[in-house]
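Here is what each chain is made of, one letter per residue.
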Protein chains: 2
Amino acid sequence: MTYGLGLLADAGLVMIADTRTNGGVDNVSSYRKLHRLVGDGERDIFAASCGNLSATQAAIALLVEKEEEEEAGERLARPLAEARSMFQAARIAGEALRRANGWVSEALAPARKAGSCLLLGGRIGDAPPRLFLIYEEGNFIECKPDAPFLQIGETKYGRPILDRVVRRDMALPALVKIGLLSFDSAMRSNLSVARPLDLVVVPAAADEAVIEERIGEDDAYFDALSARWSRLLGEGAAAIPDPWFMSPGRHVPAAGSVARLRP
Amino acid sequence: MTYGLGLLADAGLVMIADTRTNGGVDNVSSYRKLHRLVGDGERDIFAASCGNLSATQAAIALLVEKEEEEEAGERLARPLAEARSMFQAARIAGEALRRANGWVSEALAPARKAGSCLLLGGRIGDAPPRLFLIYEEGNFIECKPDAPFLQIGETKYGRPILDRVVRRDMALPALVKIGLLSFDSAMRSNLSVARPLDLVVVPAAADEAVIEERIGEDDAYFDALSARWSRLLGEGAAAIPDPWFMSPGRHVPAAGSVARLRP
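Residues numbered from 1 in each chain as written. Chains lettered and ligands numbered in written order. Predicted model: local features only at pLDDT ≥ 70, side-chain atom pairs only at ≥ 80, totals over all residues.

**Concerning the overall build of chain A**
The helix and strand tally for chain A stands at six helices and 13 strands. Taken along its principal axes, the extent of the C-alpha atoms in chain A is 80 × 50 × 35 Å. Looking at chain A as a whole, 51% of its 263 residues qualify as buried. In chain A, the share of contacts with a sequence separation of at least 24, taken over all contacts with a separation of at least 6, comes to 62%. (Helix = DSSP H or I, 4+ residues; strand = E, 2+ residues; numbered from the N terminus. Buried ≥ 20, exposed ≤ 12 C-beta atoms within 10 Å, placed from the backbone. Contact = placed C-beta atoms within 7 Å.)

**Looking at the interface of chain B and chain A**
Buried accessible area, meaning the area lost when the parts come together, often serves as the stated size of an interface. In this assembly, 60 residues from chain B lie in contact with 60 residues from chain A. Those elements that place two or more of their residues in the side of chain B that touches chain A are helix 4 (159-165), helix 5 (172-189), strand 12 (210-215), helix 6 (220-239) and strand 13 (258-259) of chain B. The element contributing the most residues to the side of chain B that touches chain A is helix 6 of chain B, with eleven residues. Grouping the amino acids of the side of chain B that touches chain A by side-chain chemistry returns 33 nonpolar, ten polar and 17 charged. (Nonpolar A, V, L, I, M, F, W, Y, C, P; charged D, E, K, R; others polar.)

**Here we look at the sheet that holds strand 5 (residues 34-39) of chain A**
Residue and element names in this part refer to chain A. A sheet is described by the order of its strands in space; here five strands give the open sequence 5-6-7-8-9, paired in antiparallel fashion. Looking at strand neighbours, the two that pair on one side only are strand 5 and strand 9 (140-142), the edges of this open sheet. Ignoring which end each strand starts from, the neighbouring axes of this sheet average 20° apart. (Pairing = 2+ DSSP bridges. Axes fitted to C-alpha atoms, helices over the stretch in contact; angles between N-to-C directions.)

**Looking at the sheet that holds strand 9 (residues 140-142) of chain B**
Residue and element names in this part refer to chain B. Taken in spatial order, the five strands of this open sheet run 5-6-7-8-9, and their pairing is antiparallel. The strands lining the two open edges of the sheet, one partner per strand, are strand 5 (34-39) and strand 9. Along the sheet, successive strands turn relative to each other by an average axial angle of 20°, direction set aside. Summarising the sheet, strand 5 and strand 6 (residues 43-50) pair through five bridges and their orientation is antiparallel. Bridge pairing in strand 6 places glycine 39 opposite aspartate 44.

**Quick notes on the relation of the copies chain B and chain A**
Superposition record for chain B on chain A: RMSD 0.0 Å, screw rotation 180°, translation along axis 0.0 Å. The superposition operator between the copies reduces to a two-fold rotation axis. By C-alpha distance to the rotation axis, the residue of chain B lying nearest is tyrosine 157 of chain B, at 2.5 Å. A shared binding surface is used by both copies, with 100% of the interface residues of chain B retained as interface residues in chain A. (Least-squares fit on C-alpha atoms with pLDDT ≥ 70 in both.)

**Structural notes on the confidence of the model for chain A**
With 91% of its residues at a pLDDT of at least 70, chain A reaches an overall mean of 88. Confidence estimates for the predicted assembly give a pTM of 0.86 and an ipTM of 0.81. (pLDDT = per-residue confidence, 0-100.)

**Things to note about the nonpolar core**
Judged by nonpolar contacts, the single largest core of 172 residues is most densely connected at Met15, Ala93, Leu119 and Ile134 of chain A together with Ala93, Leu119 and Ile134 of chain B. If near-sequence neighbours (up to four positions away) are discounted, alanine 93 of chain B is found in contact with Ala47, Leu63, Leu80, Leu118, Leu120 and Ile134 of chain B. (Core = buried A, V, L, I, M, F, W, Y, C linked by C-beta atoms within 7 Å.)

**Structural notes on helix 3 (residues 86-108) of chain A**
For an α-helix, the turn length of 3.6 residues means that residues three or four places apart are oriented alike. All names here are of chain A. Compared with the 33 Å implied by 1.5 Å per residue over 23 residues, the 32 Å span of helix 3 between its first and last C-alpha is a close match. For helix 3, every residue scored as buried is listed here: Met86, Ala89, Ala90, Ile92, Ala93, Gly94, Ala96, Leu97, Ala100, Asn101 and Val104. As for helix 3, its buried residues are in contact with strand 6 (43-50), helix 1 (53-64), strand 7 (117-124), strand 8 (130-134) and strand 9. (Expected span 1.5 Å × (residues − 1).)

**Quick word on the packing of helix 1 (residues 53-64) of chain B against helix 3 (residues 86-108) of chain B**
Residues and elements named next belong to chain B. The contact between helix 1 and helix 3 brings their axes to 8 Å, and the two run at 140°. Judged on the interaxial angle alone, helix 3 and helix 1 are oblique. For the pair helix 1 and helix 3, the crossing hand works out as right-handed. Contacts from Ser54, Ala55, Ala58, Ala59, Leu62 and Leu63 in helix 1 reach Ala93, Ala96, Leu97, Arg99, Ala100, Asn101, Trp103 and Val104 in helix 3. For the contact of helix 1 with helix 3, the class distribution of residues is eleven nonpolar, two polar and one charged. (Parallel < 35°, antiparallel > 145°, perpendicular 65-115°, else oblique. Left-handed = near helix turned anticlockwise from the far one by under 90°.)

**Re the environment of glutamine 57 of chain A**
All names here are of chain A. Following the sequence through the fold, glutamine 57 ends up in helix 1. Taking the C-beta count within 10 Å as the criterion, glutamine 57 has 17 such neighbours and is therefore assigned partly exposed. Expressed as a C-alpha distance, the spacing of glutamine 57 and alanine 100, which sit 43 residues apart in the sequence, is 8.5 Å.

**Details of the pairing of strand 1 (residues 3-9) of chain A**
Residues and elements named next belong to chain A. Across the seven residues of strand 1, seven count as buried, placing the element largely inside the fold. Of the two faces of strand 1, both are covered, the one formed by Tyr3, Leu5, Leu7 and Ala9 as well as the one formed by Gly4, Gly6 and Leu8. In the sheet, strand 1 pairs with strand 10 (residues 149-153) via five bridges, with the strands oriented antiparallel. What sits directly across from glycine 4, in strand 10, is isoleucine 152. Pairing analysis gives six bridges linking strand 1 to strand 2 (residues 12-17), with the strands arranged antiparallel. By the bridge assignment for strand 2, glycine 6 is matched with methionine 15.

The following block contains the structure:
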């Protein structure tokens, strides 16, 4: 399993992915799943992948390795490095993903399908960053202001914090923190999501540099963030008043009877 | 979908279930899924169910309606009302669930299986409360101190708060609050989990009364709890220091370049 997250606010784009892959709990490895596809001064395009590793690696190779594309004998409609908009980049990536999933699904049939998907995000020229979720068939949806994030893979554990806290007007450092907290939740509840985490920050301002980071397995900042968050959740829950039906003195000692204590 | 949760601490047992059932988003109803199976002064036994509603209703009927059991022509090994321990109660409930799932799965075959499961909890005599998760085949596991909760149904959204905060030595009001917060997370992220919530509190002390409550759709306490929790998560995230790589002044303005800012 994998968890991949893209957060898109007015201030810019944050993408985070873990690195754990597994073919069962006795076959666990660490692979980079957040990839820089293009970085030529004009374009900064990144993809986070989930699903069958051979399919996602094939899709990425189609997009970034010219030889690979030619060997496959099926040139993509246009090289990613010539995309004139992020929408066009998403179409090209969708085409590559559909083909790669097709090859792998054919090999795996009829037992299973490759089922890989991508988060594609980045900026081209002076246009603001955009973010897309590309499904295994190659079709895609774009992240829009009403729901300023997209997720792939093991999405549920890390979602409550996003649903409650992410806002379009957040600054980039806040967005990064929320993203890391979302990963912390997923990692605590699912062994198949794990550090190192790869992270990229693409500011909306075209003259601000892209930031790429790896959060290691023993990263002290992340450890502190996780510990502090646990403490805060415990303290926060304790600060909420007790439910009316649990107030002291309202426990009626009457073995086996049912107390309906609401006024 | 459904979400059912049992929390077992030294102070006692808390069980919570929502009431939403659906056969698609255009066919949504509200059904009680937390049932009192026995309450005879000696035994307080409750079950929360998930999965196919016809199968869970059949299982509950087998356990509580004498006529139903006889009509089925298959008497359970022992009536639930005569169980001498919660372990025995779990075996009896497992038997009922296996049969009910069998009937419904046969009717639905080959398209799908009933797949209903139960949380069974309660106390008998002076023994402390116990909690079991009964799988569709009738086998079951018991909640033990290392992991003081069990979940059924839509479990993932509501799990992070449990993994971080629940402790075996918590008082019952705190346990109830954590349970409600877990439901709040599930309800915000999944439409198919919804109020009213049914809740039962079984204190470990045999001379303290069982509390049964329903939290309605417009319950003011729950609304306040949810709003306060959202505010708290936002404030808590804001209070965590920014990541080292997002510190002000470390953004190097260099369009398209990659800044590796870690010292």
